Amino acid sequence: MARRGRSKGRKINGIFLLNKPIGISSNQALQRVKRLFNADKAGHTGSLDPLATGMLPICFGEATKFSQFLLDSDKRYQVQGLLGIKTATADAEGAAISTAEVNVSQSDLLAVLQNYRGNIEQIPSMYSAIKVDGQPLYKLAREGKTIERKSRPVTIYELELINFDSPYAELDVFCSKGTYIRNLIEDIGDDLGCGAHVTRLHRSQVGPYLAAGMMGFEQAEALLEGSGMEALDATLLPSYSSVAHWPEVSLNSNLAFYVQQGQAIQVAGSPSQGGVRLMTEDGQFLGIAEINEDGLVAPKRLISQQA
């Protein structure tokens with residue numbers, strides 16, 4: 001989550017699916033959305049580089065309590081790679097560090113893609129945001145430093161070729177959290193013997209949220225100007241939408257009372273393990289819980305009743 005300053009503005013709760021434009025950082029996008037909604041508390045989930053566009057969920061108020069589940073969720077990207085040129089950052093913002101002739105057929109490319117489906121290992125780029133001794137790698141890289149990085153397991157569920165017009169290749173990637181698309185394109189280029197870097201990157205899905213639900217700044221600003229703040233607020237998804245796919249446990253007023261006191265409770269018909277979404281009988285979201293080793297519903301993160 002992005003760091004938040006002193007509380008001010010409206011107390012609103014929910015999730016806004018921003019279609020982030022190119023050329024601004026995720027934090028700059030967050031601040032612009034926060035001002036647009038005049039919100040007192042907001043954070044983004046899962047940074048996008050200035051080069052990247054697409055889905056950036058903005059969580060307001062109580063929804064920030066559940067943002068971690070979006071950070072940990074699977075994601076889908078459409079990416080364009082340019083074969084034949086490697087850059088220092090593995091994207092178009094970095095200086096070229098090597099060039100090679102591209103003698104790659106579509107069948108060559110499809111054969112290499114097969115190696116990157118399923119469970120793979122990635123060595124994070126020096127230009128990633130991973131911290132070592134409290135310092136992001138990209139800051140060390142900008143100082144001209146290179147340190148050893150351990151490989152990390154990620155999963156590529158889907159990797160499909162959208163278009164190949166040499167030396168450009170467009171791919172659709174559905175992957176687990178922590179997958180570095182820049183690294184993926186660079187590794188594919190290396191396997192093809194010519195190198196590659198990302199020239200365009202768009203994120204179209206984060207967890208349960210699909211591209212159809214996104215809204216850009218211009219559309220949101222036009223809605224506010226034409227129909228007012230109430231219409232803009234109506235675009236917010238409920239705070240529980242990030243865990244809407246979790247099993248639901250419905251609580252009557254007595255059980256809800258004990259849960260809100262932080263007590264683990266027994267609920268007939270609840271799952272035997274894992275996380276659950278707590279709802280009242282009238283559809284109010286209370287928070288999330290986990291089934292403990294005794295089979296009780298143990299609250300983990302609750303909505304403030306003053307929200």
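Described below are features of the structure shown in this document. (Residues numbered from 1 in each chain as written. Predicted model: local features only at pLDDT ≥ 70, side-chain atom pairs only at ≥ 80, totals over all residues. Heavy atoms only, no water.)

Moving on to the pattern of salt bridges. As enumerated under the stated definition, the model contains 12 salt bridges in all. Residue Glu-62 is joined to Lys-65 by a salt bridge in which the shortest nitrogen-to-oxygen separation is 2.8 Å. Lys-177 serves as the salt-bridge partner of Asp-72, at 3.4 Å between the closest nitrogen and oxygen. Separated by 105 residues along the polypeptide, Asp-72 in the loop between α2 (68-71) and β4 (75-83) and Lys-177 in the loop between β11 (168-175) and α5 (181-191) bring together distant segments of the chain. Here Asp-72 falls in the partly exposed class, since its relative accessible area comes to 36%. Of the residues examined, Lys-177 reaches a relative accessible area of 43% and is grouped as partly exposed. (Salt bridge = Lys/Arg side-chain N within 4 Å of Asp/Glu carboxyl O. Helix = DSSP H or I, 4+ residues; strand = E, 2+ residues; numbered from the N terminus. Buried < 20%, exposed > 50% of the residue type's maximum accessible area, 1.4 Å probe, protein only.)

Our next topic: the packing of aromatic side chains. Applying the stated rule across the entire model yields seven aromatic pairs. When the centroid spacing of 5.4 Å and the interplanar angle of 45° are considered together, the rings of Tyr-157 and Phe-174 count as tilted. In this pair, Tyr-157 sits in strand β10 (residues 152-165) while Phe-174 sits in strand β11, placing the two residues 17 residues apart along the sequence. Classification of Tyr-157 by relative accessible area gives partly exposed; the value is 41%. When its relative accessible area of 15% is taken as the criterion, Phe-174 is described as buried. One aromatic cluster in this structure is built from Phe-16, Phe-37 and Phe-60. It is Arg-32 that lies over the ring of Phe-217; its NZ or CZ is 3.9 Å from the centre. (Phe/Tyr/Trp six-rings, centres within 6.5 Å; stacked < 30°, edge-to-face > 60°. Lys NZ or Arg CZ within 6 Å of the ring centre and 35° of its normal.)

Spatially, four strands are ordered β13-β14-β15-β16 in an open sheet, and the strand pairing comes out mixed. The open sheet terminates on both sides in strands that have one partner only, identified here as β13 (248-251) and β16 (297-302). The average undirected angle you get between the axes of adjacent strands in this sheet is 40°. With respect to the sheet, helix α8 (residues 253-260) is in contact with β13, β14 (275-280), β15 (285-291) and β16, its orientation differing from that of β13 by roughly 110°. (Pairing = 2+ DSSP bridges. Axes fitted to C-alpha atoms, helices over the stretch in contact; angles between N-to-C directions. Contact = heavy atoms within 4.5 Å.)

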